[in-house]
2 protein chains.
Amino acid sequence: MANYRNVLVAVDFSEESNALVRKALEIAARNQASLSLLHVVEYTSSMYAGDIPLPEDLNLDRDLADQATLKLKALAEENGIPDAAQFVEIGIPKREIVRLAEERAADLIIVGSHGRHGLQLLLGSTANGVLHQAKCDVLAVRVGS
Amino acid sequence: MANYRNVLVAVDFSEESNALVRKALEIAARNQASLSLLHVVEYTSSMYAGDIPLPEDLNLDRDLADQATLKLKALAEENGIPDAAQFVEIGIPKREIVRLAEERAADLIIVGSHGRHGLQLLLGSTANGVLHQAKCDVLAVRVGS
């Protein structure tokens, strides 16, 4: 069975994101794999599901995405990850993670897990959703406590 | 951040278990880690939760555990895993996986995932439970379709 070749790591900009990226880089290096770095801006307009999104909601998503792009760029530069490997998407995190993983032909998705309490509160639906929907391996990395 | 040092792989004896063990061995080798191999016999007596377990239930668990020990031994020998690294436990799979991981100081738990449909049917509660409760990293390896 081959090593992993394309790794996708999804970060939520929690304080452990830098540690998660470093760990993902090590795993990618050990597998001689490429690494893609993703942040998903949760789709605020979806809060109005069923309604037609208001223009200001779409603008808010766009503003959030612009801010996220800058934050991701800083995180990526700190870790030597090139522009072409940085991705910001707007939507439902688990869906966007799985979608980008397929688009990038990722064979390993890495997500952070914040411990029992935190995982269930913060990442429960994302981590579970990725685990259920991904067509590739999923590594949940324990970060923080 | 260090490589993984102690890897625990849990198998359910589905037809993909051999592939899962091979992949776990490769990951352990790449990390120069030890590998422990676990099968959990689901605690049948728990079907009578609240009642006092009947002696025949306990005997059934014991019989199932004996059969599982033989199956695990065959799987282990096929893959060159020594006796001391083979574990059969009786109980609730997610709890026993997490418990043994702590006892063995595992820093990575590997479980199989059988695809969206299969994962939810067969492994949903186990994989989710491990993900939520483990104090270490968890890798869900996609096996089968």
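No experiment lies behind these values; they were computed from the predicted model shown.

Asks: In this structure, what is going on with the environment of Ala 76 of chain B? I would like to understand it.
Replies: Residue and element names in this part refer to chain B. Residue placement: Ala 76 occurs in helix 2 (residues 55-78). For the pair Ala 76 and Val 21, spaced 55 residues apart in sequence, the C-alpha separation works out to 8.4 Å. Those residues within four positions of Ala 76 in sequence are excluded, and the remaining contacts are Leu 37, Ile 81 and Gln 86.

Asks: It is not clear to me how helix 3 (residues 93-103) of chain B should be interpreted in this structure. Could you clarify?
Replies: An α-helix turns once every 3.6 residues. As a result, residues three or four positions apart point the same way. Every buried residue of helix 3 of chain B is accounted for by Pro 93, Glu 96, Ile 97, Val 98, Leu 100 and Ala 101 of chain B. The first or second residue beyond helix 3 of chain B is Ala 105 of chain B, which carries a positive phi of 55°.

Asks: How do you make sense of the sheet that holds strand 4 (residues 108-113) of chain A when you look at a structure like this?
Replies: Paired through backbone hydrogen bonds, the strands of a sheet run either parallel or antiparallel to each other. One open sheet holds the ten strands; their spatial order is 3(A)-2(A)-1(A)-4(A)-5(A)-5(B)-4(B)-1(B)-2(B)-3(B), and the pairing between them is mixed. Across the chains shown, the open sheet's two edge strands, defined by having one partner strand only, are strand 3 (86-91) of chain A together with strand 3 (86-91) of chain B. Neighbour-to-neighbour, the strand axes of this sheet turn through a mean angle of 25°, independent of strand direction. Examined bridge by bridge, strand 1 (residues 6-10) of chain B and strand 4 (residues 108-113) of chain B share three bridges and lie parallel to one another. When the bridges of strand 4 of chain B are listed, Leu 8 of chain B appears paired with Ile 109 of chain B. Where helix 2 (residues 55-78) of chain A meets the sheet, it contacts strand 2 (34-42) and strand 3 of chain A, and its direction lies at approximately 155° from that of strand 3 of chain A.

Asks: Any chance you could explain the confidence of the model for chain A here in plain terms?
Replies: Should pLDDT be low for a region, the predicted coordinates there are not to be read in detail. Residue and element names in this part refer to chain A. Per-residue confidence for chain A gives a mean pLDDT of 84, with 81% of residues at or over 70. No element of chain A has a lower mean pLDDT than helix 4 (residues 115-133), at 58, and none a higher one than strand 1 (residues 6-10), at 96. Overall fold confidence (pTM) sits at 0.86, and the ipTM for the predicted complex is 0.84.

Asks: Got a minute to help me understand the pairing of strand 4 of chain A in this structure?
Replies: On any regular strand, side chains alternate: one points to one face of the sheet, the next to the other face. By the criterion of burial, strand 4 of chain A is predominantly enclosed, with six of the six residues buried. Taking every second residue as pointing to the same face, both faces of strand 4 of chain A are buried, with Leu 108, Ile 110 and Gly 112 of chain A on one and Ile 109, Val 111 and Ser 113 of chain A on the other.

Asks: Explanation requested: the nonpolar core in the structure shown.
Replies: Looking at soluble globular proteins, one finds that nonpolar side chains tend to be buried together. Core analysis: the biggest nonpolar cluster contains 44 residues, and Ile 110 and Leu 139 of chain A together with Ile 110 and Leu 139 of chain B have the highest contact counts within it. Aside from chain neighbours lying at most four places away, what touches Leu 139 of chain A is Ile 27, Leu 108, Ile 109, Ile 110 and Val 111 of chain A together with Tyr 4, Leu 108, Asp 137, Val 138 and Leu 139 of chain B.

Asks: I tried to follow helix 1 (residues 17-30) of chain A on my own but got confused; where do I start?
Replies: Taking 1.5 Å as the rise per residue, helix 1 of chain A with 14 residues should run 20 Å; its terminal C-alpha atoms sit 20 Å apart, in good agreement. Among the residues of helix 1 of chain A, Ser 17, Asn 18, Leu 20, Val 21, Lys 23, Ala 24, Ile 27 and Ala 28 of chain A are the ones counted as buried. Looking at the buried positions of helix 1 of chain A, the neighbouring elements they touch are strand 1, strand 2, helix 2, strand 4 and strand 5 (137-142) of chain A together with strand 5 (137-142) of chain B. A positive phi of about 50° marks Gln 32 of chain A, the residue just after helix 1 of chain A.

Asks: Would you mind showing me how to read the environment of Ala 33 of chain B here?
Replies: Residues and elements named next belong to chain B. Residue placement: Ala 33 occurs in the loop between helix 1 (17-30) and strand 2 (34-42). Judged by relative accessible area, Ala 33 falls into the buried class, the value being 17%. Ala 33 sits 73 residues away from Ala 106 along the chain, and the two C-alpha atoms are 9.7 Å apart. With sequence-adjacent residues up to four places away left out, Ala 33 is seen in contact with Tyr 4, Arg 5, Asn 6, Val 7 and Ala 28.

Asks: How should I be thinking about the pattern of salt bridges in this particular structure?
Replies: Side chains that carry opposite charge are capable of pairing whenever their charged atoms lie near each other. Scanning the model with the defined rule gives 16 salt bridges over all chains in all. The partner of Glu 103 of chain B in a salt bridge is Arg 99 of chain B, with the nearest N and O atoms 2.8 Å apart. With Glu 103 of chain B and Arg 99 of chain B both in helix 3 and four residues apart, this pair spans about one turn of that helix. Among the residues examined, Glu 103 of chain B registers a relative accessible area of 54% and is labelled exposed. A salt bridge links Lys 135 of chain B to Glu 102 of chain B; the nearest nitrogen and oxygen atoms lie 3.8 Å apart. Here Glu 102 of chain B lies in helix 3 and Lys 135 of chain B lies in the loop between helix 4 (115-133) and strand 5, a separation of 33 residues in the sequence. Residue class for Glu 102 of chain B comes out partly exposed when judged on its relative accessible area of 42%. Salt bridges sharing common partners tie together Glu 89, Glu 96, Arg 99 and Glu 103 of chain A.

Calculation criteria
- Residues numbered from 1 in each chain as written.
- Chains lettered and ligands numbered in written order.
- Predicted model: local features only at pLDDT ≥ 70, side-chain atom pairs only at ≥ 80, totals over all residues.
- Heavy atoms only, no water.
- Helix = DSSP H or I, 4+ residues; strand = E, 2+ residues; numbered from the N terminus.
- Contact = heavy atoms within 4.5 Å.
- Buried < 20%, exposed > 50% of the residue type's maximum accessible area, 1.4 Å probe, protein only.
- Pairing = 2+ DSSP bridges.
- Axes fitted to C-alpha atoms, helices over the stretch in contact; angles between N-to-C directions.
- pLDDT = per-residue confidence, 0-100.
- Core = buried A, V, L, I, M, F, W, Y, C linked by side-chain atoms within 4.5 Å.
- Expected span 1.5 Å × (residues − 1).
- Salt bridge = Lys/Arg side-chain N within 4 Å of Asp/Glu carboxyl O.

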